[in-house]
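# Observations on chain architecture
Listed below, chain by chain, are the residues.
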Amino acid sequence: LQLVESGGGLVEPGGSLRLSCAAPGFTLERNAIGWFRQAPGKEREGISCISGSDSNTGYADSVKGRFTISRDNAKNTVYLQMDSLKPEDTAVYYCAADSWVFRKCALTRLHYNNWGQGTQVTVSS
C-alpha cells in the first residue's frame, strides 16, 4: 500500500489549501486514514482522521473548526481541507493508512502502518 500526498505549498496567513492522499492501485474506502504533521524540531502529531468503519472523523484541538477531512470513494482519495491557516500550521504533512479494514481511526501514530512521503505546507506572508 503506497500513499501519495499532494497539494502542499506556500500560502499567506488566513489562506486555504487542500491536501490529497491517494493510493494508486489500492482501494482506501474501508481503511482508516489519518493526517499528521511534523514541524522542525517537533514530534509528529496527529491532526485529523477518518474511520474505515463508519467514516466518523476526529480532529486535534489545534485544527478543530479550521480543517476538514473527507473521503471521495469514487476518486479513491482522502482530502484535508485547511482553512484559516496560521504560521504555526507550517509543517510537513503526512497521510497514513491502517491496513486493517473497517476500523475506527485514531490520532496516534501507532494506529497506522502505511505512510506517505509527506508534503510541505508553509504559511507565511
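Notes on the structure follow. Just so it is clear, the model here is predicted, and its values are computed rather than measured.

## Describing the overall build of the chain
On a plain count of helices and strands, the chain comes out with zero helices and eleven strands. Secondary structure of the chain in N-to-C order comes out as β-β-β-β-β-β-β-β-β-β-β. At 13 Å, the chain has a C-alpha radius of gyration in line with the 14 Å of a compact globule built from 125 residues. For the chain, the C-alpha atoms occupy an extent of roughly 40 × 25 × 25 Å along the three principal directions. Across the 125 residues in the chain, those meeting the buried criterion constitute 45%. The contacts in the chain between residues at least 6 apart in sequence include a share of 59% that link residues at least 24 apart. About 6400 Å² of surface is accessible on the chain, with carbon and sulfur atoms providing 47% of the total. Between the centroid of the 13 positive side chains of the chain and the centroid of its 12 negative side chains there is a distance of 3 Å.

## Digging into the state of the cysteines
Taken as a whole and judged by the stated rule, the model has two disulfides. Linked covalently through their sulfurs, Cys 21 and Cys 95 form a disulfide whose S-S length is 2.1 Å. Here the disulfide of Cys 21 and Cys 95 is right-handed, its torsion about the S-S bond being about 70°. Taken together, the residues span a long stretch of sequence, with Cys 21 in strand S3 (residues 17-22) and Cys 95 in strand S9 (residues 91-101) at a distance of 74 residues. Two residues, Cys 49 and Cys 105, share a disulfide whose sulfurs are 2.1 Å apart. Every disulfide takes its handedness from the sign of the S-S torsion; for Cys 49 and Cys 105 that torsion is 55°, giving right-handed. In this pair, Cys 49 is assigned in strand S5 (residues 45-50) and Cys 105 in the loop between S9 and strand S10 (114-115), connecting sequence segments 56 residues apart. Cys 105 matches Cys 49 in its accessibility class, with the two residues each being buried.

## Things to note about the sheet that holds S3
Sheet architecture is open: four strands sit in the order S1-S3-S8-S7, paired in antiparallel fashion. Strand pairing shows two members of the sheet lacking a second neighbour, strand S1 (4-6) and strand S7 (67-72), which therefore form its edges. Going across the sheet, the axis of each strand differs from the next one's by a mean of 15°, ignoring polarity. Direction of pairing for S7 relative to strand S8 (residues 77-82): antiparallel, over a ladder of six bridges. The residue of S8 that forms the bridge with Phe 67 is Met 82.

Cut-offs and rules
- Every chain is numbered on its own, with residues counted from 1 as its sequence reads.
- With pLDDT at 70 or above as the cut-off, local features in this predicted model cover only qualifying residues; side-chain atom pairs require 80 or more to be listed or tallied, and sums for whole chains, interfaces and linings still use all residues.
- Excluding hydrogens and water, the side-chain figures rest on all heavy atoms present in the structure.
- Note on conventions: DSSP H or I runs of at least 4 residues are helices, E runs of at least 2 residues are strands, and numbering of each starts at the N terminus.
- For the radius of gyration, the atoms used are the C-alpha atoms, and the globule rule reads 2.2 Å times the number of residues raised to 0.38.
- We call a residue buried when its accessible area falls under 20% of the maximum for its residue type, exposed when it is over 50%, and partly exposed in between, using a 1.4 Å probe and counting protein chains only.
- Residues count as neighbours in contact if any of their non-hydrogen atoms are within 4.5 Å of one another.
- Only the protein chains shown count as cover for residues, with accessible areas throughout obtained via the Shrake-Rupley method and a probe of 1.4 Å.
- Charge assignment: positive for Lys and Arg, negative for Asp and Glu; neither His nor the chain ends contribute.
- A single reference atom marks each charge: NZ on Lys, CZ on Arg, CG on Asp, CD on Glu.
- Two cysteine sulfurs form what is called a disulfide whenever their separation falls within 2.5 Å.
- Strands are labelled as partners when DSSP assigns at least two bridges between them.
- Whenever a helix is involved, its axis is fitted only over the stretch in contact; in every case the axis is a line through C-alpha atoms, and angles between N-to-C directions fall within 0 to 180 degrees.

Any functional reading would require information beyond the geometric quantities listed.
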